[in-house]
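Secondary and tertiary structure notes
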Amino acid sequence: MGRGYIVEDAVEGYLSQLCEQQPGPVTGLLIGQSSSQRDFVIMATRTPQREESAAAAGSSVDKEWVTEHARQVSRMLPGGLSVLGVFIITDTDAKDTLTQLRQLVFAVENLISSEYLWIPADDDVTDCVTLHVNPKTRKTICRTFDVKDPKSMAKPADWKYQSGVCSSWGMVSCCLNVDMLVPLPTRAGTENMDTCLKEGLKVWAHHIQSGAFLIDGKKLPEDTELTGGQKRNVRQTYTAQLLVTPDDHRLPDVVQQCGGSVSVRGVIHSRAYLHSNKPKARLAEKLLKRDVVSTVATRVQMVLEELQVSEEESKGSSKDKQQTEQFCLPRRIFCPVKVSGPVCVCDYQFSDEGQSEVTERLKEMLDIDAAEKDLDTRQETPSEIIKKDVAAEPTVETVEAPEPKRNNYVGVAMATAAALLATAASMLYLNDV
């Protein structure tokens with residue numbers, strides 16, 4: 001017998017609507033949480049229409065577009081939620097469809113996992129699900145593939161709908177201080193900066209992974225069952241603390257050519273959801289730590305993407321660059337999934353954006369009809385840029401950041417030096433949540 005999938009019945013209604021609305025093939029993502037025994041699917045979302053290919057799409061599937069959508073969606077999922085697989089709605093022959101689904105699910109997993117900054121655990125589930133729905137007969141065919149095995153063949157899986165799948169899921173959350181400094185090479189363009197930041201984030205992620213994990217102030221044995229959420233429609237919340245040991249074993253001070261640095265400082269809000277099938281402290285620790293790492297890395301990457309766009313637009317400009325530039329990283333905003341349960345997805349709002357832009361992205365990426373009043377903006381408040389006269393600053397400088405307060409979020413400042421041997425400081429500010 002293959003893996004079992006317990007699916008929120010709202011997913012059945014959603015897929016039925018897509019069968020009625022779309023004449024051609026429709027692809028999308030299945031989202032939920034894996035466990036050793038079975039997986040829980042709590043929502044599905046269709047792939048957004050690609051305007052330039054709408055007319056020429058025909059019966060073909062745009063693999064690149066589907067995988068990019070999966071990457072964007074993955075960034076919007078808090079700890080405990082992930083893209084479990086893909087679906088397709090088409091009346092094409094099941095055998096041909098299975099080939100398409102296999103290609104899609106491998107491409108999606110490869111792209112998403114390429115952004116992970118943690119080492120996979122031995123108990124990670126590597127089976128991903130594919131679902132084929134015939135829009136005429138409404139017959140569904142569910143198969144899984146082991147995405148870590150390139151030669152994996154399709155295996156049958158059990159697909160069952162159920163109400164209130166996540167109604168009793170627990171939630172563990174924490175606020176964590178981030179203080180990270182990453183040196184940049186001498187001529188640091190955005191590509192070099194991207195590489196250096198990713199390496200710096202990997203080192204920081206290693207410290208997070210090895211940090212002590214407390215729940216409600218207590219260090220629990222890994223096999224301790226978190227039983228508070230076992231009752232149906234009863235939700236248990238846990239407050240966690242991550243105690244990260246300072247790196248006291250650094251290399252001796254050395255002189256090296258450096259074109260600048262990026263400093264990430266502040267406090268982030270992190271959370272993870274736990275399925276109600278007897279979750280253990282080990283799972284809570286793994287999911288929350290991964291969310292801490294991914295939410296910081298996602299925001300840094302978003303700023304770099306903005307910088308790349310700005311760099312392209314400013315090519316040929318003779319305007320002198322400041323030695324120090326500060327950027328506010330986007331703050332994290334949560335939105336309920338709108339099923340019978342407490343689970344939320346999230347989005348990241350830049351300081352120059354309104355809440356309407358957040359609701360638009362939720363609709364485009366996750367097909368969620370959210371109103372501004374549905375958004376939870378309390379966890380993180382907008383950051384502020386500290387105005388400084390950079391022209392008066394020395395080439396080599398130290399920038400003092402204010403002591404971050406509880407529930408702050410990340411903001412960024414980056415600096416480049418005018419001379420090859422000069423250094424400058426840049427900061428990612430995390431403001432009050």
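Summary of the structure given here. (Residues numbered from 1 in each chain as written. Predicted model: local features only at pLDDT ≥ 70, side-chain atom pairs only at ≥ 80, totals over all residues. Heavy atoms only, no water.)

This part takes up the overall build of the protein chain. Secondary structure assignment for the protein chain yields six helices and 17 strands. Counting every position in the protein chain, which comprises 433 residues, the buried fraction comes to 49%. Here the analysis covers contacts within the protein chain between residues at least 6 apart in sequence; of these, 78% occur between residues at least 24 apart. Per element, the accessible surface of the protein chain, about 21,400 Å² overall, is 49% carbon and sulfur. (Helix = DSSP H or I, 4+ residues; strand = E, 2+ residues; numbered from the N terminus. Buried < 20%, exposed > 50% of the residue type's maximum accessible area, 1.4 Å probe, protein only. Contact = heavy atoms within 4.5 Å. Areas by Shrake-Rupley, 256 points an atom, 1.4 Å probe, with all protein chains shown as cover.)

What the rule picks out here adds up to three cavities of 30 Å³ or more. Of the pockets and cavities examined, the largest cavity occupies roughly 60 Å³. Taken together, Phe213, Leu214, Ile215, Lys218, Lys219, Leu220, Glu222, Ala281, Arg282 and Glu285 form the lining of the largest cavity. Of all elements in the fold, only strand S10 (212-215) and helix H5 (281-313) reach the threshold of two or more residues within the lining of the largest cavity. Classifying every residue of the lining of the largest cavity gives five nonpolar, no polar and five charged. (1 Å grid on protein atoms, 1.4 Å probe; cavity = no way out; pocket = protein on both sides within 12 Å on 5 of 7 lines; lining within 4 Å. Points joined across faces, edges and corners; volume = space filled by probe spheres on them. Nonpolar A, V, L, I, M, F, W, Y, C, P; charged D, E, K, R; others polar.)

Look at helix H2 (residues 63-75): 19 Å from first C-alpha to last across 13 residues, which is about the 18 Å you get at 1.5 Å a residue. For H2, the set of buried residues is Val66, Thr67, His69, Ala70, Arg71, Val73 and Arg75. (Expected span 1.5 Å × (residues − 1).)

In this section: the sheet that holds strand S5 (residues 127-133). The eight strands are arranged S7-S6-S5-S4-S2-S3-S1-S8 in an open sheet whose pairing can be described as mixed. Whereas interior strands pair on both sides, the edge strands pair on one side only; in this sheet they are strand S7 (155-156) and strand S8 (158-162). Bridging between S5 and strand S6 (residues 140-146) involves seven bridges; their strand directions are antiparallel. When the bridges of S6 are listed, Asp127 appears paired with Asp146. (Pairing = 2+ DSSP bridges.)

Let us now look at the pairing of strand S9 (residues 170-184). Bridging between S9 and strand S12 (residues 260-274) involves 15 bridges; their strand directions are antiparallel. Bridge pairing in S12 links Asn177 to Val267. Bridge analysis of S9 against strand S11 (residues 237-243) gives three bridges, and the strand direction is parallel. Residue Ser173 lies in a different strand from S11, and its bridge partner there is Thr239.

Applying the stated criterion across every chain, the model contains zero disulfides. Unpaired in terms of disulfides, Cys335 finds its nearest cysteine sulfur in Cys344, a separation of 7.0 Å. By relative accessible area, Cys335 is classed as buried at 1%. (Disulfide = S-S within 2.5 Å.)

Over its 20 residues, helix H3 (residues 94-113) runs 28 Å from end to end, which matches the ideal 28 Å to within 8%, given 1.5 Å per residue. If you check which residues of H3 are buried, you get Thr97, Leu101, Leu104, Val105, Phe106, Ala107, Val108, Glu109 and Ile112. Buried-residue contacts for H3 involve strand S2 (26-34), H2, strand S4 (82-89), S5 and S6. The N-cap residue of H3 is Asp93: its side-chain oxygen and the backbone nitrogen of Lys95 are 3.0 Å apart. (Polar contact = N/O pair within 3.5 Å; in protein donor to acceptor, adjacent residues only side chain to side chain.)

To continue, consider the nonpolar core. Side chains of nonpolar character tend, in soluble globular proteins, to be buried together. Grouped together as the largest cluster of nonpolar side chains are 86 residues, with contacts concentrated most on Val172, Trp204, Val345, Leu362 and Leu366. Tallying contributions element by element places H5 first for this core, with 13 residues. Not counting chain neighbours up to four residues away, the residues in contact with Trp204 comprise Leu176, Val178, Met180, Val292, Val293 and Val296. Listed in part, the 20 residues of the second largest apolar core include Tyr5, Val7, Val11 and Leu15. (Core = buried A, V, L, I, M, F, W, Y, C linked by side-chain atoms within 4.5 Å.)

In this section: the packing of aromatic side chains. Enumeration according to the criterion identifies five aromatic pairs in this entry. An aromatic cluster is defined as three or more aromatic residues linked by ring pairs; in this entry it consists of Tyr5, Trp159 and Tyr161. Sitting over the face of the ring of Phe334, Arg271 holds its NZ or CZ atom 3.7 Å from the ring centroid. (Phe/Tyr/Trp six-rings, centres within 6.5 Å; stacked < 30°, edge-to-face > 60°. Lys NZ or Arg CZ within 6 Å of the ring centre and 35° of its normal.)

Okay, the pairing of S11 next. Only one face of S11 is buried: it carries Tyr238, Ala240 and Leu242, and the other face, with Thr237, Thr239, Gln241 and Leu243, is open. In this structure, S10 lies alongside S11, joined through four bridges in antiparallel fashion. What sits directly across from Leu214, in S11, is Gln241.

Scanning the entire structure with this criterion turns up 28 salt bridges. For Arg75, the salt bridge goes to Glu305, with nearest N and O atoms at 2.9 Å. With a gap of 230 residues between them, Arg75 in helix H2 and Glu305 in helix H5 connect regions that are remote in the sequence. Classification of Arg75 as buried rests on a relative accessible area of 7%. The exposure class assigned to Glu305 is partly exposed, which follows from its relative accessible area of 24%. For Asp158, the salt bridge identified is with Lys160, shortest N-O distance 3.9 Å. Salt bridges sharing partners connect three or more residues here, namely Glu68, Arg71, Arg75, Glu115 and Glu305. (Salt bridge = Lys/Arg side-chain N within 4 Å of Asp/Glu carboxyl O.)

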